[in-house]
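One-letter residues, chain by chain:
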Amino acid sequence: MTFDLAIRGGTVVTADQSFVGDVGVKDGRIAALEPGLGPAARDIDAGGRLVLPGGVDSHCHVEQESSMGVMCADDFYSATVSAAFGGTTTIIPFAAQHRGQSLREVVKVYHERAAPKAVIDYAFHLIVSDPTEQVLGQELPALIRDGYTSFKVYMTYDKLRLSDTQMLDVLALARREGALVMVHAENHEIIQWLAKRLLEQGHGAPKYHAVSHARLAESEATSRAVVLAELIDVPLLIVHVSAAEAIEVIRTAQGRGLRIYGETCPQYLFLTADDIDLPGLEGAKYCCSPPPRDAAAQEAVWRGLADGVFQVFSSDHAPYRFDESGKLPKGAKTTFKEMANGVPGIEIRLPMLFSEGVGKRRLSLSRFVALTAENHAKMYGLFPRKGTIAVGSDADLAIWDPEREVTISASMLHDRVGYTPYEGRTITGWPTTVISRGRIVVDGGVLHAGRGSGSFLPCAKPETARPLGRPVPELALMSRVVGQPLF
Ligand code: URP
Ligand code: ZN
Ligand code: ZN
């Protein structure tokens, strides 16, 4: 066979193996994996470099209106270009429902936004903020069958949050339909109560964001979410975990055999609440929810990444400019309650974890691949098409120079945010050639992919969403008494 592309002599790494060899690509897929492959229309010499699966970023906000009505600075072009330059070849952003909207209509709008612009492949999670009878009874089951098999729910934010009753409805539906629920776990009432007092006392500066989003608000909501999932006997993913206390809740639940999964993000490894404590509004650049905590929490996050409490490391790229279009809707008068929440990170997600995780020997290369690519594909029903290097998988690859030193600055990144929380940090290791379905998307700092060349990926019902089949004893008993399942 003559291959379309052969990548020769690199160190090929997956979540479970590593070997020096060649990767042969034909018709967009990996066709052979062995040393000394035959001829190809195009050769890449990967000697001295690493050949990793392209990253999968399963938590990013792209061309999305926030619940406060603020539009992301990145559209599907700039976000996917930025992702690709950082070694990511698949993104799973959100199609976000605002209250009163039909989910089906929302999905249509996001497809119209993505299809003409994306340069890499994409799937969608849904954000469910209005679980009406119509949504739960008809729209969601049909959308799940059409390949939207994961959805995020919020326990905080006035216009997004679900009550515990609504959460139970959504979890029961996920169990029936085989979908995976992701939860933003923070106790709304604690945050509101603290924020009100802070503002009454004149404390509106960004640093008070971190005070109001207390660690206990995160760990209480995480515990409650775990209880709700246990009651329904359904898996649950706790997203963007930052507090050591919340990590312990997840670890304990996992230790009890529950299918509770954890996700964390660069901001919880590389920022602390001290970064938010800057003069004026500068600290708003570092505000996200949950907020970065302290050095001890950073260590707890590293531990959770290494020992398996976390399965996925995502960017939670929430691209808002540091001006009135984004972070600061009321200009110089914006209080921490009015700021757009979130930080950018779609391009630096992999290089920063590589440098500080693999480079500093906190993570093995295979664990890095699992956390940044393979586990995302498995979590959301895209494996083995995405997330690995195997014969038959899409040829989504990132060829890394593990020695390349890069000083991060907003001017070298490809998003449209205009700042990075990591300005001036020097890291080691960067992907130099990025390939999506056999197409060279980025090579030597140059973009080669055209607008709209990425494809939509319907997700299968993921294995990760399978219940244990272990309803809590009271419910099992009650079902026997009433003679039929309760949900
Ligand atoms: O602060 C954050 N994380 N903003 C993005 C929205 C979300 O909750 O994921
Ligand atoms: Zn969230
Ligand atoms: Zn998010």
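What comes next concerns the included structure. (Residues numbered from 1 in each chain as written. Chains lettered and ligands numbered in written order. Predicted model: local features only at pLDDT ≥ 70, side-chain atom pairs only at ≥ 80, totals over all residues. Heavy atoms only, no water.)

Let us look at the site of ligand 1. Looking at ligand 1, there are 13 residues lining it, with His61, Lys152, His184, Ser289 and Asp316 nearest. At a separation of 2.7 Å, an oxygen atom of ligand 1 approaches a polar backbone atom of Ser289. Contact between ligand 1 and Gly342: an oxygen atom at 3.3 Å from a main-chain N or O atom of the residue. Grouping the constituent residues of the shell around ligand 1 by class yields four nonpolar, seven polar and two charged. (Near = heavy atom within 4 Å. Polar contact = N/O pair within 3.5 Å; in protein donor to acceptor, adjacent residues only side chain to side chain. Nonpolar A, V, L, I, M, F, W, Y, C, P; charged D, E, K, R; others polar.)

Before going further, it helps to examine the packing of helix α4 (residues 164-177) against helix α7 (residues 215-232). Where α4 contacts α7, the two axes come as close as 9 Å, and the packing angle between them is 45°. On the basis of their axis angle, the class for α4 and α7 is oblique. Taken as a pair, α4 and α7 cross one another with a handedness that is right-handed. When α4 is examined against α7, the residues Asp164, Met167, Leu168, Leu171, Ala172 and Arg175 are found in contact with a partner set consisting of Arg224, Ala225, Leu228, Ala229, Leu231 and Ile232. (Axes fitted to C-alpha atoms, helices over the stretch in contact; angles between N-to-C directions. Helix = DSSP H or I, 4+ residues; strand = E, 2+ residues; numbered from the N terminus. Parallel < 35°, antiparallel > 145°, perpendicular 65-115°, else oblique. Left-handed = near helix turned anticlockwise from the far one by under 90°. Contact = heavy atoms within 4.5 Å.)

Compared with an ideal rise of 1.5 Å per residue, which puts twelve residues at 16 Å, helix α2 (residues 103-114) spans 17 Å between its outermost C-alpha atoms and is within 8% of the ideal. Among the residues of α2, Leu103, Val106, Val107, Tyr110, Arg113 and Ala114 are the ones counted as buried. Down the axis of α2, the buried side of the element spans an arc of 120°, and every buried residue falls inside it. Taking the backbone nitrogen of Arg104 as reference, a side-chain oxygen 3.3 Å away marks Ser102 as the first, capping residue of α2. (Expected span 1.5 Å × (residues − 1). Buried < 20%, exposed > 50% of the residue type's maximum accessible area, 1.4 Å probe, protein only. Arc of directions from axis to C-beta.)

Bound to the zinc ion (ligand 3) on the protein side are His59 (NE2), His61 (NE2) and Asp316 (OD), at distances that span 2.0 to 2.1 Å. If you look at the zinc ion (ligand 3), its four donor atoms make angles of 89 to 125° with each other, and the shape they trace is tetrahedral. Here the donor residues of the zinc ion (ligand 3) are spaced in sequence according to H-x1-H-x254-D. (Donors = N, O, S within 2.8 Å, 3.2 Å for Na, K, Ca; no water. Tetrahedral: all angles 85-135°; square planar, octahedral: opposite > 155°, others 65-115°.)

Every protein donor of the zinc ion (ligand 2) is accounted for by Lys152 (NZ), His184 (ND1) and His240 (NE2), and the metal-donor separations fall at 2.1 Å. Of note, the zinc ion (ligand 2) draws all its donor residues from one chain, in the sequence arrangement K-x31-H-x55-H. Between the zinc ion (ligand 2) and the zinc ion (ligand 3), a separation of 4.0 Å is found. Taken together, the positions of Lys152 in strand β10 (residues 150-154) and His184 in strand β11 (residues 180-184) put the pair 32 residues apart, joining distant regions of the chain. With respect to class, Lys152 is no different from His184; both count as buried.

Of all hydrophobic cores here, the largest spans 134 residues; its most connected members are Phe151 and Leu305. Ignoring anything within four residues of it in the chain, the contact list for Leu305 reads Thr264, Leu269, Phe310, Phe313, Leu353, Leu363, Arg367 and Leu371. Listed in part, the 15 residues of the second largest apolar core include Ile7, Val25, Ala46 and Ile389. (Core = buried A, V, L, I, M, F, W, Y, C linked by side-chain atoms within 4.5 Å.)

All told, the structure shown has 14 aromatic pairs when counted by the stated rule. Taking 6.1 Å as the distance between ring centres and 25° as the angle between the ring planes, the aromatic pair formed by Phe124 and Phe456 counts as stacked. With a gap of 332 residues between them, Phe124 in the loop between β8 (121-122) and β9 (125-127) and Phe456 in the loop between β18 (446-447) and α13 (473-482) connect regions that are remote in the sequence. For Phe124, a relative accessible area of 1% corresponds to the buried category. In this structure Phe456 comes out as partly exposed when scored by relative accessible area, which is 23%. In this arrangement the basic side chain of Lys152 is found over the ring face of Phe94, its NZ or CZ atom lying 5.5 Å from the centre. Over the face of the ring belonging to Trp193 we find Arg197, whose NZ or CZ atom lies 4.0 Å from the ring centre. (Phe/Tyr/Trp six-rings, centres within 6.5 Å; stacked < 30°, edge-to-face > 60°. Lys NZ or Arg CZ within 6 Å of the ring centre and 35° of its normal.)

On the surface, Leu477, Met478, Val481, Val482, Leu486 and Phe487 cluster together into a nonpolar patch covering about 540 Å² of accessible area. Looking at where Leu486 falls in the secondary structure, it is placed in the segment after α13. Given the relative accessible area of 41%, Leu486 is considered partly exposed. (Patch = residues over 30% accessible without salt bridge, like charges linked within 9 Å, V, L, I, M, F, W, Y side chains within 5 Å. Areas by Shrake-Rupley, 256 points an atom, 1.4 Å probe, with all protein chains shown as cover. Salt bridge = Lys/Arg side-chain N within 4 Å of Asp/Glu carboxyl O.)

Attention shifts here to helix α10 (residues 295-307). For α10, with 13 residues, the first-to-last C-alpha span of 18 Å sits near the 18 Å given by 1.5 Å per residue. Every buried residue of α10 is listed here: Ala297, Gln298, Ala300, Val301, Trp302, Gly304 and Leu305. Contacts from the buried residues of α10 go to α8 (244-255), β13 (260-264), α9 (267-270), β14 (312-313), α11 (349-358) and α12 (365-379). Taken from the residues just after α10, Gly308 is the one with a positive phi, measuring 100°.

Glancing now at the pattern of salt bridges. All chains considered together, the criterion is met by 33 salt bridges. Between Glu248 and Arg251 there is a salt bridge; the shortest N-O distance is 3.1 Å. In this pair, Glu248 and Arg251 both sit in helix α8, three residues apart, roughly one turn of the helix. Owing to a relative accessible area of 24%, Arg251 belongs among the partly exposed residues under this scheme. The partner of Glu374 in a salt bridge is Lys378, with the nearest N and O atoms 2.7 Å apart. Note that Glu374 and Lys378 are positioned in helix α12 at a spacing of four residues, about one turn of the helix.

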